[in-house]
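Fold and contact review
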Amino acid sequence: MSAQPRTDQVKLLVFERQIYAIEQIVFEVDEFCVVELGQTLQLSGREERYLAVTKHAQLFTIDALAAPNKLLIHCHGSARIISS
């Protein structure tokens, strides 16, 4: 039997010692990826479902209507994406 890559891995966002399920990675560019969370996350008094994580492990809220170079709005600190 040959080894098959796992396709059922779940992606998770780790932020402020909490773990959040990622529904999907919406898109990726060299500097960051935008994720859709399975549940909303409250940041700065707002409920957020779509967030960006940079290659430097920083979590940003986004403006989906902005130009790509102005998509990242506010940095909320360190975060990372892991697979389970």
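Reference entry: report on the structure contained in this document. Please read all numbers here as calculations on a predicted model, not as lab measurements. (Residues numbered from 1 in each chain as written. Predicted model: local features only at pLDDT ≥ 70, side-chain atom pairs only at ≥ 80, totals over all residues. Heavy atoms only, no water.)

Turning to the sheet that holds strand β6 (residues 72–83), a few remarks are in order. Pairing is antiparallel around the closed barrel formed by six strands, whose spatial order is β1-β2-β3-β4-β5-β6. For this sheet, the mean inter-axis angle between neighbouring strands, taken without regard to orientation, is 45°. Strand direction decides the pairing type here: strand β1 (residues 11–15) and β6, joined by five bridges, are antiparallel. From the neighbouring strand, Lys11 faces β6, where its bridge partner is Ser83. (Pairing = 2+ DSSP bridges. Helix = DSSP H or I, 4+ residues; strand = E, 2+ residues; numbered from the N terminus. Axes fitted to C-alpha atoms, helices over the stretch in contact; angles between N-to-C directions.)

Let us look at the pattern of salt bridges. Inspection of the entire model under this criterion finds one salt bridge. Here Arg46 and Glu48 are joined by a salt bridge, their closest N and O atoms 3.8 Å apart. Here Glu48 falls in the buried class, since its relative accessible area comes to 11%. (Salt bridge = Lys/Arg side-chain N within 4 Å of Asp/Glu carboxyl O. Buried < 20%, exposed > 50% of the residue type's maximum accessible area, 1.4 Å probe, protein only.)

Approximately 150 Å³ is the volume attributed to the largest pocket. Every residue lining the largest pocket is listed: Leu43, Ser44, Arg46, Glu48, Tyr50, Thr61, Ile62, Ala64, Ile73, His74 and His76. Classifying every residue of the lining of the largest pocket by side-chain character gives five nonpolar, four polar and two charged. (1 Å grid on protein atoms, 1.4 Å probe; cavity = no way out; pocket = protein on both sides within 12 Å on 5 of 7 lines; lining within 4 Å. Points joined across faces, edges and corners; volume = space filled by probe spheres on them. Nonpolar A, V, L, I, M, F, W, Y, C, P; charged D, E, K, R; others polar.)

Turning our attention to the packing of aromatic side chains. One pass over the full model with this rule turns up one aromatic pair. Judged by centre distance (6.3 Å) and plane angle (65°), the ring pair of Phe27 and Phe32 falls under edge-to-face. (Phe/Tyr/Trp six-rings, centres within 6.5 Å; stacked < 30°, edge-to-face > 60°.)

We now examine the pairing of strand β5 (residues 58–62). With respect to burial, β5 is a largely interior element, four of its five residues being buried. In terms of strand pairing, strand β4 (residues 46–54) meets β5 through three bridges, oriented antiparallel. Paired with Leu51 across the strands is Thr61, a residue of β5.

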